[in-house]
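Structural overview for review
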Amino acid sequence: IGFLAWRFWVATNMPDVGMAVGSALSVAAMGWFALRTLQVTCRPHGLAEAHFDRSSAATSAMAKRIRTATILLLPLLAAVEFFEAQNDETWRHTLGRLAFCAMMIATIVMARRFLHPTKGVISLSGRWNSGHWPYRLHRFWYPLVYAVPLALVGLTVTGYYYTAIQLTRRILMTGWVVAGLVIVNALMLRALLMTRRRLAMQHARERRAAAIAAAQRNEASGSSESLPVAVEEPKVDLSVISQQTRKLLVCCILMIGVVLFWGIWVDMLPALAVLDNVQLDQDEAGNIVTLTDALMAVLMGVMTVIACRNVPGLLEMAILQRLPLEASTRFAITTVTNYAIAVTGIVFAFQEIGIGWNNVQWLVAAMTVGLGFGLQEIFANFVSGLIILFEKPIRVGDVVTVGEVTGAVTRIRTLATTITNWDRKELIIPNKQFVTGEVMNWTLSDQVNRIVINVGVSYGTDADTVLKLLAQVAAEHPLVLGDPAPRATFEEFGASSLNFLLRVYIPNLDERLQTITDLHCRIQRTFADANIEIAFPQQDIHVRSIDMSLLQAGPLRKAS
């Protein structure tokens with residue numbers, strides 16, 4: 001049909017009737033394409049049912065109604081366009097008006113079949129009767145289903161046929177925009193759901209593999225204890241990301257809808273054009289700032305806030321999780337993206353109201369110098385936070401020692417970093433201290449760490465036997481590394497014991513406490529089996545004999 005319309009338009013020496021036929025065919029082609037797309041979407045086990053989670057009853061009824069609407073409305077729509085394209089006013093104001101009124105009556109009939117609260121297709125939706133907001137407000141919007149077509153018929157009858165035609169075209173365009181945005185929203189939500197399922201499956205596999213590995217280690221060591229602190233790494237919270245992405249998607253759809261509705265209706269509603277006539281200010285270049293510019297700046301500010309709150313979650317789910325990046329790198333990327341979005345939004349919002357860089361560069365320079373002197377520590381911490389994010393001397397999940405505090409890095413913020421020690425106490429440390437101070441990072445480039453165990457045995461014990469047994473205990477433990485190799489040494493002759501040291505290396509800090517406990521228990525059992533006594537503090541007391549003649553003379557006798 002579209003091809004036939006094109007042939008009518010490009011044909012040479014085509015009379016006005018032929019051009020009108022081409023216009024009618026083009027409108028019929030576009031209407032048929034749109035309705036047919038919706039009908040195919042609602043086919044059994046099709047897009048609406050299988051992907052958009054719509055009930056089979058609702059989709060089946062929708063497909064039937066769309067088929068009826070195609071047969072009933074498209075011929076009338078083509079007829080109205082045919083008569084409207086005629087240069088003869090007689091055709092336009094007689095047959096055209098009749099066709100238009102008939103189309104409005106048919107629209108009322110079809111709208112009732114689609115939108116009736118209890119008998120229409122919309123009532124078959126699962127969320128319709130469950131307190132969904134369109135159902136709660138149907139007493140307000142459903143009368144418009146009859147009022148708007150009847151009002152257009154009234155305009156046509158009273159002589160405002162041109163106005164009725166223009167309003168109808170914009171109402172149709174608005175309807176198609178709404179339908180398109182609904183479909184796009186449903187497709188994006190479906191993509192979000194599929195991504196969420198994929199991430200959930202990936203995390204489930206990782207947890208299962210970790211559980212199996214932990215079970216194997218515990219079975220080998222004979223214990224199931226672990227570290228008392230669980231490091232709070234920036235894992236993907238699927239529910240939060242889903243909520244953030246939904247909010248961002250809804251906001252984007254609404255903003256696109258507002259822009260499209262503005263473009264559709266701005267010519268018909270002069271009140272919207274009046275905003276361009278309200279002058280607020282004039283910049284140095286002579287550009288006039290209008291009320292429209294101010295509203296656009298406010299809109300950009302709102303969009304910037306929404307983007308800062310929700311884009312990191314979308315970025316994490318859609319892109320970063322697909323890349324071979326560490327959690328700390330993904331955290332740095334999302335944080336820097338947040339800063340970039342905020343700065344970009346502020347710049348564009350100010351430019352919209354005529355405040356460019358040329359207007360504020362001296363003010364910014366003065367404020368920067370003033371704040372640099374007045375808020376040195378805050379600026380230093382902010383810059384140090386950026387250095388930490390990019391150079392990564394510490395990362396979320398690292399075990400660090402700052403001063404006398406040892407714990408895991410749980411959060412890296414703009415001005416400060418949070419460390420959680422083994423007692424689950426959170427220590428807030430300014431970022432400057434990590435850049436300019438001394439910090440011990442136990443897991444920066446290598447998580448292998450050493451355990452040193454002191455053992456004291458009684459004097460008289462064979463030292464070679466002790467060294468052999470200590471080496472045997474280290475070799476039998478499944479978590480002790482062979483490279484670097486464990487080493488047992490005879491350190492010193494103590495006050496009441498022979499002191500030995502066992503030095504072993506383990507692959508990470510997660511099992512450090514459990515490995516220390518296991519080695520202590522195995523050393524105690526092994527020495528007990530070999531009849532080797534683990535020494536304890538001892539003190540010898542020597543009692544000397546006293547000459548009894550001294551007790552019978554002198555002050556002692558007088559005292560007695």
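To start, this report covers the structure provided alongside it. Note that residues are indexed from 1 along each chain, following the sequence as it is written. The predicted nature of this model means local features are confined to residues of pLDDT at least 70 and side-chain atom pairs, given and counted, to a pLDDT of 80 or more, with totals for whole chains, interfaces and linings taken over all residues. In computing side-chain values, all of the structure's heavy atoms are included and hydrogens and water are not.

1. Focus on the overall build of the protein
- A count of helices and strands for the protein gives 20 helices and ten strands.
- Burial status across the protein gives 34% buried among its 560 residues.
- Contacts are assigned to residue pairs that have any heavy atoms within 4.5 Å of one another. Of the contacts made within the protein by residues no fewer than 6 positions apart, 65% connect residues no fewer than 24 positions apart.
- The method behind every accessible area is Shrake-Rupley, applied with a 1.4 Å probe, and residues are considered shielded solely by the protein chains displayed. If you sum the accessible surface of the protein, you get close to 34100 Å²; carbon and sulfur atoms cover 63% of it. Only DSSP runs of H or I covering at least 4 residues are called helices, and only runs of E covering at least 2 are called strands; the numbering of each starts at the N terminus. Only protein chains enter the calculation, and the probe is 1.4 Å; a residue is then buried if its accessible area is under 20% of its type maximum, exposed if over 50%, and partly exposed in between.

2. With respect to the side chain of Glu 84
- Mapped onto the fold, Glu 84 is located in helix α4 (residues 56–84).
- Excluding anything up to four places from it in sequence, Glu 84 contacts Arg 92, Tyr 161, Ile 165 and Arg 169.

3. Points about the nonpolar core
- If you look at the biggest cluster of nonpolar residues, it comprises 28 residues, and the most contacted ones within it are Val 80, Phe 100, Met 103 and Met 104.
- Those elements that place two or more of their residues in this core are α2 (16–41), α4, α6 (95–115), α8 (138–157) and α9 (161–221).
- Considering every element that reaches this core, the biggest residue donor is α4, with ten residues.
- The residues touching Met 103, leaving out its near neighbours within four places in the chain, are Leu 73, Leu 76, Leu 77, Val 80 and Thr 168.
- Definition used in this section: a nonpolar core is a set of buried Ala, Val, Leu, Ile, Met, Phe, Trp, Tyr and Cys residues joined via side-chain atoms within 4.5 Å. Within the second largest apolar cluster, 20 residues are counted, among which are Val 455, Ala 463, Val 473 and Ala 474.

4. Things to note about the packing of aromatic side chains
- Here the aromatic set is Phe, Tyr and Trp, taking the six-membered ring for Trp, and pairing holds for ring centres within 6.5 Å; pairs whose planes are under 30 degrees apart are stacked, those over 60 apart are edge-to-face, and all others are tilted. Enumeration over the complete set of coordinates arrives at five aromatic pairs.
- Taking 5.8 Å as the distance between ring centres and 40 degrees as the angle between the ring planes, the aromatic pair formed by Phe 3 and Trp 6 counts as tilted. Remark: Trp 6 and Phe 3 occur in helix α1 (residues 2–10); sequence separation between them is three residues, near one turn of the helix.
- Taken together, the aromatic side chains of Phe 490, Phe 493 and Phe 500 make up a single cluster linked through ring pairs.

5. Looking at the sheet that holds strand β3 (residues 399–402)
- At least two bridges found by DSSP between two strands are what make those strands a pair. Strand order in the open sheet made by the five strands is β6-β5-β4-β3-β7, with antiparallel pairing throughout. Two strands lie at the open edges of the sheet, namely β6 (426–430) and β7 (439–441), each paired on one side alone. Recorded for the sheet is a direction-independent mean angle of 40 degrees between the axes of neighbouring strands.
- Where strand β5 (residues 416–421) meets β6, five bridges bridge the pair, whose relative direction is antiparallel. The partner of Thr 420 across the bridge, within β6, is Glu 426. Interaxial angle, 0 to 180 degrees, is taken between N-to-C directions of lines fitted to C-alpha atoms, where a helix line uses only the stretch in contact.

6. With respect to the packing of α1 against α2
- Two elements in contact, α1 and α2, have axes separated by 8 Å at closest approach and are oriented at 155 degrees. As judged from the angle between their axes, α1 and α2 are roughly antiparallel. The handedness of the crossing between α1 and α2 comes out as left-handed. Residues Gly 2, Leu 4, Ala 5, Phe 8 and Trp 9 of α1 touch α2, and the partners they reach there are Gly 18, Met 19, Val 21, Gly 22, Ser 23, Leu 25, Ser 26 and Ala 29.
- Any residue outside Ala, Val, Leu, Ile, Met, Phe, Trp, Tyr, Cys, Pro, Asp, Glu, Lys and Arg is labelled polar, Gly included; the first ten of those are nonpolar and the last four are charged. Looking at the contact of α1 with α2, its residues break down into eight nonpolar, five polar and no charged. Orientation labels follow simple angle bins: below 35 degrees gives roughly parallel, above 145 gives roughly antiparallel, 65 to 115 gives roughly perpendicular, and whatever is left gives oblique. Put simply, a crossing is left-handed when the front helix is turned counterclockwise from the back one by less than a right angle, and right-handed when it is turned clockwise.

7. Some details on the sheet that holds strand β8 (residues 449–457)
- With antiparallel pairing, the three strands of this open sheet are ordered in space as β8-β10-β9. Either end of the sheet is taken by a strand with one partner, and the two such strands are β8 and β9 (487–493). Each strand axis lies, on average, 25 degrees off the axis of its neighbour in the sheet, ignoring direction.
- Two strands pair when backbone bridges link them, and β8 and strand β10 (residues 498–506) are joined in this way by nine bridges, in the antiparallel orientation. By the bridge assignment, Asn 454 is partnered in β10 with Leu 501.

8. A closer look at the environment of Leu 74
- Positionally, Leu 74 belongs in helix α4.
- We classify Leu 74 as buried; its relative accessible area is 10%.
- Between the C-alpha atoms of Leu 74 and Leu 35, which are 39 residues apart in sequence, the distance is 9.6 Å.
- Non-local contacts of Leu 74, meaning those with residues more than four positions away in its chain, are made with Ala 28, Gly 31, Trp 32, Leu 35 and Ala 69.

9. What to know about α6
- In this scheme, a helix's expected span is set at 1.5 Å multiplied by one less than its residue total. Helix length check: α6, at 21 residues, gives a terminal C-alpha distance of 30 Å against a target of 30 Å (1.5 Å per residue), a fit within 8%.
- Those residues of α6 that sit buried are Gly 96, Ala 99, Phe 100, Cys 101, Met 103, Met 104, Ala 106, Ile 108, Met 110, Ala 111 and Phe 114.

10. What to know about the environment of Asn 87
- As for its placement among the helices and strands, Asn 87 is situated in the loop between α4 and α5 (89–93).
- Residues Asn 87 and Asp 16, 71 residues apart in the sequence, show an inter-C-alpha distance of 7.3 Å.

11. Here's the deal with the pairing of β10
- Burial analysis of β10 places seven of its nine residues in the buried class, which makes it a mostly covered element.
- Here β9 runs beside β10; their pairing, made up of six bridges, is antiparallel. Each bridged residue has a counterpart across the sheet, and for Glu 492 the counterpart in β10 is Asn 499.
- Hairpin connection between β9 and β10: a loop of four residues separates the two successive antiparallel strands.

12. Some details on the pattern of salt bridges
- We define a salt bridge as a contact between a side-chain nitrogen of Lys or Arg and a carboxyl oxygen of Asp or Glu at a distance within 4 Å. Under the criterion given, the structure shown has four salt bridges.
- With a closest N to O distance of 3.1 Å, Asp 398 and Arg 395 form a salt bridge. Comparing Asp 398 with Arg 395 shows no difference in burial state: the two are buried.

13. Describing the packing of α2 against α4
- Following both chains from N to C, one finds α2 and α4 inclined at 165 degrees, their axes separated by 8 Å at the closest point. Judged by the angle between their axes, α2 and α4 are roughly antiparallel. The handedness of the crossing between α2 and α4 is right-handed. Along its contact with α2, which presents Val 17, Ala 20, Val 21, Ser 23, Ala 24, Val 27, Ala 28, Gly 31, Trp 32, Leu 35, Leu 38 and Gln 39, the element α4 presents Ala 63, Ile 66, Arg 67, Thr 70, Leu 74, Leu 77, Ala 78, Glu 81 and Phe 82.
- Grouping the amino acids of the contact of α2 with α4 by side-chain chemistry returns 15 nonpolar, four polar and two charged.

14. Some remarks on α8
- Between its terminal C-alpha atoms α8 stretches 29 Å, which fits the 28 Å expected from 20 residues at 1.5 Å a residue.
- Here the bend at a residue means the angle between the axes of two seven-residue stretches, the one that ends at it and the one that starts at it. At Val 145, α8 shows its largest kink, close to 30 degrees, and the proline Pro 149 lies no more than four residues downstream.
- Within α8 the residues assigned to the buried category are His 138, Tyr 142, Val 145, Pro 149, Leu 152, Val 153 and Thr 156.
- Of the residues flanking the end of α8, it is Gly 159, one or two places downstream, whose phi is positive at about 105 degrees.

15. So, unusual backbone geometry
- Pro 484 follows Asp 483 through a cis peptide bond whose omega is 0 degrees.
- With respect to the helices and strands, Pro 484 occurs in the loop between α17 (463–476) and β9.
- Backbone geometry places His 45, a non-glycine residue, at a positive phi of 60 degrees.

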